[in-house]
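Descriptive structure summary
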Amino acid sequence: MEKAHNFTGAIVGDIVGSVYEFSNCRRKDFPLFANGCFATDDSIMTIAVARALMDCGGDYRRLSQCTVTAMQEIGRRYPRCGFGGRFYGWIFSDCPEPYESYGNGAAMRISPVAYVAGTLEEVKLLSGEITAVSHNHPEGIKGAEAIAVGTWMALNGYGKAEIIREMEQYYPLDFTIDAIRPTYVFNETCQRTVPQAIECFKETSNFEDTLRTAISLGGDSDTLAAIACSLAGAYYGVPEDMERKAMTYLDPELTETVTAFESFVLRL
């Protein structure tokens, strides 16, 4: 059974993909939740964004500061979760400032905004406010916005063809996963990760197939899967058995935040 409208798609994708990030598996018949899986910075920061959205209480003038506070407070508890070097410095900085990043971290953490935004314009606004606290390069803003918009559309009844047409306003999807798999290499930029994740969603027909396709591409496997599964979780729903298993990899404080955010969304 699948749980519809659940932001944990990104978390499931991240955890399943965590063991393949530096040991790519370019096929689909791999074990889910293999030995060594863990919640990386992708899950940690997605949960931090969810907390920031709750903490600002609908006053989005406070969202940027709430985002910085939540990311630093939660992130500092997990210094070995896989932060990139510059973002690690940002997490532990006394005066965190945006640093013109266009890393794919902008897109892997953004999906919670789709669950609170009432309109397409609002989801773009929230995405920009959250992303710009660190990843303020235009490509970082664009990568996050594309996934936020696609996730919002999936939650709000748009068909897949409509979603893909909108995604093509951000990136050309003029390739297939099978065609690029043999030569695709590890890349941490939005430009070389977000369109590939969107294509994984485009080519597949259920959550698990999206997950397996994303990991089979290779590259930055956990982040590719987190981004692709943000879209797939919103569109198809997250299988309940996968969600339950993923939650076992989170500390109680993180699980509590996930549960609190789901309740928060239901009250909107």
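Structure report, in brief.

Conventions used here
- Residues numbered from 1 in each chain as written.
- Predicted model: local features only at pLDDT ≥ 70, side-chain atom pairs only at ≥ 80, totals over all residues.
- Heavy atoms only, no water.
- Helix = DSSP H or I, 4+ residues; strand = E, 2+ residues; numbered from the N terminus.
- Contact = heavy atoms within 4.5 Å.
- 1 Å grid on protein atoms, 1.4 Å probe; cavity = no way out; pocket = protein on both sides within 12 Å on 5 of 7 lines; lining within 4 Å.
- Points joined across faces, edges and corners; volume = space filled by probe spheres on them.
- Nonpolar A, V, L, I, M, F, W, Y, C, P; charged D, E, K, R; others polar.
- Buried < 20%, exposed > 50% of the residue type's maximum accessible area, 1.4 Å probe, protein only.

**As for the environment of I11**
Positionally, I11 belongs in helix 1 (residues 9-17). Counting along the chain gives 216 residues from I11 to I227, while the straight-line C-alpha distance between them is 9.5 Å. Among residues more than four places away in sequence, those in contact with I11 are S43, I47, M247 and V258.

**Quick notes on the layout of surface pockets**
A volume near 460 Å³ is recorded for the largest pocket. As for the largest pocket, its lining consists of 26 residues, and the residues nearest its centre are G84, G103, N104, G105 and E188. Mapped by element, the contributors of at least two residues to the lining of the largest pocket are helix 2 (41-55), helix 4 (85-91), helix 5 (105-108) and helix 12 (221-236). Its residues assigned to classes, the lining of the largest pocket comprises 7 nonpolar, 10 polar and 9 charged.

**Comments concerning unusual backbone geometry**
For F33, which is not a glycine, the phi torsion comes out positive at approximately 55°. Turning to its location among the elements, F33 is positioned in the loop between helix 1 and helix 2. A relative accessible area of 13% places F33 in the buried class. Even without being glycine, E100 reaches a positive phi, approximately 60°. You can see E100 is positioned in the loop between helix 4 and helix 5. You can call E100 partly exposed: its relative accessible area is 44%.

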